[in-house]
Amino acid sequence: LLDKPILFYMPDLNEYYESVGLIYSPSELKDVLPGHLVTTPGQFLDFIIKELDSDQYSGKRRKLRSIILYYKDDQSSRRVFELFKHLLE
């Protein structure tokens, strides 16, 4: 919603994929996730130090946001309040 860079830190990705499974294979996840995927502490630090300001996933986040979010404003609390008010009447 905020269109901020996202880092997906998944050190156990392959083990999780083999034991539990995922919809996408580990190699396919890189094409689907709206952010940078890292699997080691070194990659994590490299991202934080070198790549945090070079956001190349904004387009993917916008596309995903348009698919999964109905409301894209700052009125969520007001809508919840109005719903409760209506239910209590």
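Conventions and cut-offs
- Residues numbered from 1 in each chain as written.
- Predicted model: local features only at pLDDT ≥ 70, side-chain atom pairs only at ≥ 80, totals over all residues.
- Heavy atoms only, no water.
- Helix = DSSP H or I, 4+ residues; strand = E, 2+ residues; numbered from the N terminus.
- Rg over C-alpha atoms; globule rule 2.2 N^0.38 Å.
- Buried < 20%, exposed > 50% of the residue type's maximum accessible area, 1.4 Å probe, protein only.
- Contact = heavy atoms within 4.5 Å.
- Lys, Arg positive; Asp, Glu negative; His and termini not counted.
- Charge placed at Lys NZ, Arg CZ, Asp CG, Glu CD.
- 1 Å grid on protein atoms, 1.4 Å probe; cavity = no way out; pocket = protein on both sides within 12 Å on 5 of 7 lines; lining within 4 Å.
- Points joined across faces, edges and corners; volume = space filled by probe spheres on them.
- Patch = residues over 30% accessible without salt bridge, like charges linked within 9 Å, V, L, I, M, F, W, Y side chains within 5 Å.
- Areas by Shrake-Rupley, 256 points an atom, 1.4 Å probe, with all protein chains shown as cover.
- Salt bridge = Lys/Arg side-chain N within 4 Å of Asp/Glu carboxyl O.

J.: What exactly am I supposed to notice about the overall build of the chain here?
T.: Counting secondary structure elements, the chain contains five helices and two strands. The order of α-helices and β-strands along the chain, N terminus first, is β-α-α-β-α-α-α. Relative to the 2.2 N^0.38 estimate, which gives 12 Å for 89 residues, the radius of gyration of the chain is 18 Å and therefore markedly larger than a compact globule would have. C-alpha atoms of the chain, sized along the principal axes, occupy 55 × 35 × 20 Å. Residues classed as buried in the chain amount to 17% of the 89 residues present. Counted over contacts in the chain with a minimum sequence separation of 6, partners at least 24 positions apart contribute 62%. Averaging the coordinates of the 12 positive side-chain charges in the chain and doing the same for the 14 negative ones gives two points 8 Å apart.

J.: Can you help me understand the layout of surface pockets in this one?
T.: Any empty space left between the atoms is revealed when a probe the size of a water molecule rolls over them. Roughly 150 Å³ of volume is contained in the largest pocket. Along its surface, the largest pocket is lined by Asp31, Val32, Leu33, Pro34, Lys60, Lys63, Leu64 and Ile67.

J.: When you look at a nonpolar patch on the surface in this model, what are you seeing that I'm missing?
T.: Judged by side-chain polarity, Tyr9, Phe44, Leu45, Ile48 and Ile49 come together as a nonpolar surface patch covering roughly 480 Å² of accessible area. Sort the elements by how many residues they give to the nonpolar patch and helix H3 (residues 41-51) lands first, with four residues. Within the fold, Leu45 resides in helix H3. Look at Leu45 and you get partly exposed, because its relative accessible area is 49%.

By themselves, these observations are geometric and do not establish any function.
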